[in-house]
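Structural overview for review
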Amino acid sequence: MAGAAVSLRAFRRLCRVLLFLSQFYILSGGESTDMPPYVMKCPSNGLCSRLPADCVECKTNFSCVYGKPVTFDCTVKPSVTCVDQDFKSQKNFVINMTCRFCWQLPETDYECSNSTSCMTVSCPRQRYTANCTVRDHIHCLGNRTFPKMLYCNWTGGYKWSTALALSITLGGFGADRFYLGQWREGLGKLFSFGGLGIWTLIDVLLIGVGYVGPADGSLYI
């Protein structure tokens, strides 16, 4: 009996070890689930016509007339399920869209990277090269990720109203320039008493029209 009990305990330990090793094997990626990565973007049992572009394959026609309505035949990718207007499962469907390339879409249909290393307050106004990606539910021709030249448009948190108020009230002491991060000009106004008032009046006008902005090149808020 004692030998049988020892054998039973050893068998249980062996089972625990095998269970632990199998779980570790699965968590470490040893066992593939064969689930395509695009499935995470595809809502289950939604309308086929509203699926993201990554979930379907369409027979596009690049010879369509730009700006004109066009219809394309599409098929859902494997492991993707969707329905029609009557909530019936389907694999093949058509989408209606406007004939245009992705880079020709309006700005509301794509998202672009931002740059904080360019000057927004400059003449001429600076641009930067942004990487833009079309939103998931928008369909278009060509690459869905593309470069585009955009105007610098970021803010460092400086308020135009605050800068103008400081320029009117304490501009003679350079408070407006100090607030905008332009400490050299601030010191110049401080020790010259606002350029005997002339510099102060000029700064009020320049800040009022937005010509003078933050030293980091950002926009006012």
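Anything mentioned here points back to the structure above.
First things first, this report covers the structure right here in the doc. This structure is a prediction, so every number in the text was calculated from the model and none was measured.

Once that is clear, we can look at the layout of surface pockets. Roughly 250 Å³ of internal volume is contained in the largest pocket. In this structure, the largest pocket is lined by 14 residues; those nearest its centre are Ala-53, Cys-58, Thr-60, Cys-140 and Arg-144. Among the elements of the structure, strand 2 (56-59) and strand 5 (92-98) are those that each provide at least two residues to the lining of the largest pocket. Considering every element that reaches the lining of the largest pocket, the biggest residue donor is strand 2, with three residues. Within the lining of the largest pocket, the residues separate by chemical class into nine nonpolar, three polar and two charged. Counting residues domain by domain, the lining of the largest pocket receives three or more from each of domain 1 (39-99) and domain 2 (101-156).

By secondary structure assignment, the location of Thr-200 is in helix 6 (residues 198-208). Overall, Thr-200 belongs to the buried group, its relative accessible area being 13%.

The backbone phi angle of Ser-79 is positive, close to 75°, even though this residue is not glycine. When its relative accessible area of 47% is taken as the criterion, Ser-79 is described as partly exposed. Backbone geometry at Leu-196 places phi at a positive 55°, although glycine is not the residue there. Looking at where Leu-196 falls in the secondary structure, it is placed in helix 5 (residues 193-196).

Read across the open sheet, the three strands follow the order 6-7-8; overall the sheet is antiparallel. Looking along the sheet, the strands with just one partner apiece sit at the ends: strand 6 (110-112) and strand 8 (145-151). Taken pair by pair, the neighbouring strands of this sheet meet at an average axis angle of 40°, ignoring direction. In this structure, strand 6 lies alongside strand 7 (residues 127-134), joined through three bridges in antiparallel fashion. Each residue of the ladder has a partner; that of Tyr-110, found in strand 7, is Val-134.

This part takes up the packing of aromatic side chains. Under the criterion given, the structure shown has three aromatic pairs. One Lys or Arg, Arg-127, reaches over the ring of Tyr-151 and ends 4.2 Å from the middle of that ring.

What follows concerns the state of the cysteines. Under the defined criterion, the tally for this structure stands at six disulfides. Here Cys-112 engages in a disulfide with Cys-132; their sulfurs sit 1.9 Å apart. Here the disulfide of Cys-112 and Cys-132 is right-handed, its torsion about the S-S bond being about 105°. Residue Cys-112 is located in strand 6, and its partner Cys-132 is located in strand 7; the two are separated by 20 residues in the primary sequence. Taking relative accessible area as the criterion, Cys-132 reaches 0% and is therefore assigned buried.

A few words on the nonpolar core. Counting 19 residues, the largest nonpolar core has Leu-51, Val-76, Val-80 and Phe-93 as its most contacted members. Mapped onto this core, the elements with two or more residues apiece are strand 3 (69-76) and strand 5. Ranked by residues supplied to this core, first place goes to strand 3 with four residues. Sequence-distant contacts of Phe-93, defined by excluding residues within four places in its chain, comprise Cys-48, Ser-49, Val-56, Phe-72, Asp-73, Cys-74, Thr-75 and Val-76. Tyr-110, Val-134, Phe-146 and Cys-152 belong to the second-largest nonpolar core, a separate cluster that totals 14 residues.

Next up on the list: the environment of Val-204. With respect to the secondary-structure elements, Val-204 resides in helix 6. Look at Val-204 and you get partly exposed, because its relative accessible area is 22%. C-alpha of Val-204 to C-alpha of Leu-166: the two residues are 38 residues apart in sequence and 9.1 Å apart in space. Residues in contact with Val-204, not counting those within four places in the same chain, are Leu-164, Ser-167 and Ile-168.

Rules and cut-offs
- Residues numbered from 1 in each chain as written.
- Predicted model: local features only at pLDDT ≥ 70, side-chain atom pairs only at ≥ 80, totals over all residues.
- Heavy atoms only, no water.
- 1 Å grid on protein atoms, 1.4 Å probe; cavity = no way out; pocket = protein on both sides within 12 Å on 5 of 7 lines; lining within 4 Å.
- Points joined across faces, edges and corners; volume = space filled by probe spheres on them.
- Helix = DSSP H or I, 4+ residues; strand = E, 2+ residues; numbered from the N terminus.
- Nonpolar A, V, L, I, M, F, W, Y, C, P; charged D, E, K, R; others polar.
- Domains from an automatic or database assignment.
- Buried < 20%, exposed > 50% of the residue type's maximum accessible area, 1.4 Å probe, protein only.
- Pairing = 2+ DSSP bridges.
- Axes fitted to C-alpha atoms, helices over the stretch in contact; angles between N-to-C directions.
- Phe/Tyr/Trp six-rings, centres within 6.5 Å; stacked < 30°, edge-to-face > 60°.
- Lys NZ or Arg CZ within 6 Å of the ring centre and 35° of its normal.
- Disulfide = S-S within 2.5 Å.
- Core = buried A, V, L, I, M, F, W, Y, C linked by side-chain atoms within 4.5 Å.
- Contact = heavy atoms within 4.5 Å.

What is shown is where atoms sit, not what they do.
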